[in-house]
Amino acid sequence: MSRSCFLRCLLDSHAPIKLLHNVETVIGRSKVTKIQDQSCSRQQLSLKANCEECNVEIKQLGVNPSGLDGFSLIKNKVYTVGHGSRIEVLLNHYIHIIEFDPPPEDDNTSKSSLKRKLEDEDVSPIKRKNLKIDIKDLAPPCVNEAMDSIWEEVDKGELYIYTSKGVKSSFKIAAFDMDGTLIKTKSGKVHPVDINDWQLAFPTVPQKLKEQITKGFKVVLLSNQAPIGNGRVKIEDFKKKIESIIDKIGIPIQAYIATGKGIYRKPAIGMWKVLSEQNNDSIEINMNESFYCGDAAGRVANWAPGKKKDHSMADKLMAENLNMKFLTPEQFFLGHSIANVPMSKPDFVPKDVTPEPFNDRLISKEKEILVLVGFPGSGKSFLAKQIEKKSDFKYATVCRDVLGSWQKCATEAVKLVQRCKSVIVDSTNPDTESRARWTSLAKENNVQCRCVKMATTKAHAQHNNKFRELMKINHVPVNDIVFNTYKNKYTEPTTNEGFKEVIEVRFNPSFDSKEAEKLYRMYLLEK
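Here the residue numbering is sequential within each chain, running from 1 through the sequence in written order. Only residues with pLDDT of 70 or above have their local features reported here, since the model is predicted, and side-chain atom pairs are shown and tallied only from 80 upward, although totals for entire chains, interfaces and linings are computed over all residues. With hydrogens and water set aside, each side-chain value is computed from the structure's full complement of heavy atoms.

K.L.:
What am I meant to see in the sheet that holds strand β8 (residues 78-82) here?
P.N.:
Pairing between the strands of a sheet is mediated by backbone hydrogen bonds and can be parallel or antiparallel. Pairing is antiparallel across the open sheet formed by 4 strands, whose spatial order is β3-β4-β5-β8. The sheet is open, and its two edges are formed by β3 (24-27) and β8, each paired on a single side. Pairs of neighbouring strands in the sheet enclose a mean axial angle of 30°, with direction left out of account. Relative to β8, strand β5 (residues 55-60) runs antiparallel, the two sharing 5 bridges. Paired with I58 across the two strands is Y79, which belongs to β8. The pairing criterion for strands is at least two bridges between them, as found by DSSP. The secondary structure listing takes helices from DSSP runs of H or I that are at least 4 residues long and strands from runs of E that are at least 2 residues long, numbered from the N terminus. Angles run from 0 to 180 degrees between N-to-C directions of axes, and those axes are lines fitted to C-alpha atoms, restricted for helices to the stretch in contact.

Structure, rendered in structure tokens:
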């Protein structure tokens, strides 16, 4: 008996592809399959039929995953499948059926009845007679789509997630900011006056987002909403706003709402980690195929005639943290170019920070008071601990954050000097007045006084402070007012103040884990 094998498109969008006996056939994006999706490689799948044993060896060749009944294939791994198997050229897309003619079990089964059976039944691939696959050899199955709309609360309200009915996981993510990207205020004010003060930012929003769905993207919204966290907006009211926006756009969307100042707030990637690790049905996201669109791009004033500067660059920096393609709303929705759009750059680039060797000059053979000068978060406390340890604890530290006032620090410093200890003064000491307390105290106690100036910039110190917050390191909270106050008070320390010398020290990073260092190397500040 002569038997043939065909690969038939479930939607009949093209003629069946004949698979010759023991001959490799490669399919993908082509005129034959009529697949135009750039996510699909031209050489996406290899198929070799064995018409005698009624099975087909399939192997994924392309970068993005192919599928078998909702299971993701592993690249370059060979699978043996049988008659009636559903092959997805791209996972969950472009479904084709393996058909042998005549069928292996019932030669009289008509193709029309076979087609009805395949479309009507949800048969597990593991139970088919000719399917020689262990479930362990497949990636986890994906859920086709959300059956109902649902809200989730994460970390006691630090993050809220809304998954609208019909949302389908994918290896391609089209992510968007909300305010200034998908919507804008009706009132024309920067901030909405109530939950109804919104309209679509561009007439093309529904159409362009629908196009992403047809291309196999999962559409996601990522938004910072501090007013919820500080109580100015009620979460129940904001939930209604999100649902109304998604209803207006008219497609399934998964929305992530960061309400606090922690790891979920952009440019930190906490929202994305929840999406990729917990809320995408175990499908690995292809970052080269995905993109993020937002208006917080750091564009300067008058980047276009009459346009104000962007309020921050949080959207662009988050995309850089993820190494993902970034688009402005005007690029995505209107097709504008940003080639000549002036954009500001971050004041601090965390990837550029390199370890510095310890300066042995910091430890003196003479008893002394060593006065540290620098922004909060500039590395003073870490340096003080280094000096203590490397000096075999001949130095001891007095810290205003611990003792509460400079007077208490001075009292403790005198006690330490009387016990033949050198003293490190761990305070900001920005001006001559604050530093004069220590030069005078050193003179009164007949010990030398030197100054250590931390070279850490304001932006770098703010980054360090944010890192401490995100890592939940026990430290006194510091806001922007404190940083600005230090900057305004600061005067350059000199030997004319009574210091024997002034030593400049660069920040020296140190991490407890690779994960901590990975976070530190990301942009954490919004500007």
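Now that the structure is up, let's keep going.
K.L.:
Would you take a moment to explain the sheet that holds strand β23 (residues 448-454) for this structure?
P.N.:
Pairing in this open sheet of 5 strands is parallel, and the strands run β21-β22-β20-β23-β24 from one edge to the other. Taken across any chain shown, the strands that pair with only one partner, and hence form the sheet edges, are β21 (395-399) and β24 (502-505). Taken pair by pair, the neighbouring strands of this sheet meet at an average axis angle of 25°, ignoring direction. Pairing analysis gives 5 bridges linking β21 to strand β22 (residues 422-426), with the strands arranged parallel. Across the sheet, the residue bridging to V398 is V425, located in β22.

K.L.:
Just to check I follow, could you spell out the packing of aromatic side chains for this structure?
P.N.:
We describe a pair of aromatic rings using the distance from one ring centre to the other and the angle between the two ring planes. Pairing of aromatic side chains here covers Phe, Tyr and the six-membered ring of Trp, requires ring centres within 6.5 Å, and sorts the geometry by plane angle: under 30 degrees stacked, over 60 edge-to-face, intermediate tilted. Counting across every chain of the model gives 16 aromatic pairs. Consider the rings of F202 and F333, whose centres lie 5.4 Å apart with planes at 20°: the pair is stacked. Taken together, the residues F202 in the loop between β15 (199-200) and α2 (205-214) and F333 in helix α7 (residues 329-334) connect sequence positions 131 residues apart. Just as F202 is buried, F333 falls in that class too. Consider the rings of F375 and F483, whose centres lie 6.3 Å apart with planes at 35°: the pair is tilted. Using a 1.4 Å probe on the protein chains alone, a residue whose accessible area is under 20% of its type maximum counts as buried, one over 50% counts as exposed, and one in between counts as partly exposed.

K.L.:
Would you explain the pairing of β3 in this entry?
P.N.:
The two faces of the sheet receive side chains in turn, since in a regular strand these alternate between them. Residues T25 and I27 point to one face of β3 and are all buried, whereas E24 and V26, pointing to the other face, are not buried. Relative to strand β4 (residues 45-50), β3 runs antiparallel, the two being bridged by 4 bridges. Looking across to β4, one finds that T25 is bridged to L47.

K.L.:
I'm lost on the side chain of R435 in this one. Help?
P.N.:
Tracing the sequence through the fold places R435 in helix α11 (residues 432-444). Not counting residues up to four positions away in its chain, the partners in contact with R435 are V373, N429, P430, T491, E492, P493, E497 and F499. By definition in these notes, contact holds between two residues if any of their heavy atoms fall within 4.5 Å.

K.L.:
Where do I start with the environment of H93 in this structure?
P.N.:
Looking at where H93 falls in the secondary structure, it is placed in strand β10 (residues 93-101). Taking C-alpha positions, H93 is 29 Å from T328, a pair spaced 235 residues apart along the chain. Apart from the residues lying within four places of it in its own chain, the contact partners of H93 are E88 and G216.

K.L.:
Honestly, the nonpolar core in this entry has me stumped. Any pointers?
P.N.:
Across soluble globular proteins, you tend to see nonpolar side chains buried next to one another. Judged by nonpolar contacts, the single largest core of 34 residues is most densely connected at L159, L222, Y256 and W272. Breaking this core down by element, the ones donating at least two residues are β12 (159-163), β13 (173-176), β16 (218-224), β17 (254-258), α5 (270-278), α6 (314-321), α12 (458-470) and α14 (514-520). Sequence-distant contacts of L159, that is, excluding residues within four places in its chain, are made with E152, E153, V154, Y256, I257, A258, T259, Y264, M271 and V274. Residues belong to a common nonpolar core when they are buried Ala, Val, Leu, Ile, Met, Phe, Trp, Tyr or Cys residues joined through side-chain atoms within 4.5 Å.

K.L.:
Please clarify how the pattern of salt bridges should be interpreted in this entry.
P.N.:
Once their charged atoms are close, side chains differing in charge can pair, the charge on each being opposite to the other. Every case where a carboxyl oxygen of Asp or Glu lies within 4 Å of a side-chain nitrogen of Lys or Arg is listed as a salt bridge. Counted by the stated rule, this structure contains 20 salt bridges. A salt bridge links K266 to D315; its shortest N-O distance comes to 2.9 Å. Pair noted here: K266 is in the loop between β17 and α5 and D315 is in helix α6, with a separation of 49 residues, a long-range link. Across this residue pair, the class does not change: K266 and D315 are buried. Connected via shared salt-bridge partners are R361, E368, R450 and E501.

K.L.:
Sorry if this is basic, but what is going on with the pairing of strand β9 (residues 86-90) here?
P.N.:
The buried fraction of β9 is high, at 5 of 5 residues. Pairing between strand β6 (residues 67-68) and β9: 2 bridges, direction antiparallel. Residue G67 lies in a different strand from β9, and its bridge partner there is E88. Sheet topology note: the β9/β10 ladder contains 4 bridges and is antiparallel. Bridge assignment links L90 to a residue of β10, and that residue is H93. The hairpin turn running from β9 into β10, its antiparallel successor, is 2 residues long, and N92 in that turn takes a positive phi close to 70°.

K.L.:
Sorry, what's going on with the packing of helix α10 (residues 406-418) against α11 here?
P.N.:
When two helices pack together, you describe them by how their axes are tilted relative to each other and by the distance separating the axes. As a packed pair, α10 and α11 sit with axes 11 Å apart at the nearest point and diverge in direction by 20°. In terms of orientation, α10 lies roughly parallel with respect to α11. For the element pair α10 and α11, the recorded crossing hand is right-handed. Contacts from W406, C409, A410, A413 and V414 in α10 reach R437, W438 and L441 in α11. Here the term charged refers only to Asp, Glu, Lys and Arg, the term nonpolar to Ala, Val, Leu, Ile, Met, Phe, Trp, Tyr, Cys and Pro, and the term polar to all other amino acids, Gly among them. When grouped by side-chain class, the residues that make up the contact of α10 with α11 number 7 nonpolar, no polar and 1 charged. Roughly parallel means an angle under 35 degrees; roughly antiparallel, over 145; roughly perpendicular, 65 to 115; everything else is oblique. Note on convention: near helix rotated counterclockwise from far helix by under a right angle means a left-handed crossing. Clockwise means right-handed.

K.L.:
How do you make sense of the packing of α12 against helix α13 (residues 480-489) when you look at a structure like this?
P.N.:
Between α12 and α13, the least distance of the axes is 11 Å, while the angle of their chain directions is 150°. In terms of orientation, α12 lies roughly antiparallel with respect to α13. As α12 packs across α13, the resulting crossing turns out to be right-handed. Where α12 approaches α13, its residues K458, A461, Q462 and N465 are matched on the opposing element by D480, F483, N484 and K487. Split into classes, the residues belonging to the contact of α12 with α13 amount to 2 nonpolar, 3 polar and 3 charged.

K.L.:
I'm lost on unusual backbone geometry in this one. Help?
P.N.:
Note: most residues except glycine have negative phi, and most peptide bonds are trans. P102 follows D101 through a cis peptide bond whose omega is 0°. Within the secondary structure, P102 sits in the loop between β10 and α1 (111-120). Here the bond from K266 into P267 is cis, since omega is 15°, no more than 30 degrees from zero. Even without being a glycine, C420 presents a positive backbone phi close to 65°. A residue is classified by how much of its surface remains accessible, and C420, at 61% relative accessible area, is exposed.

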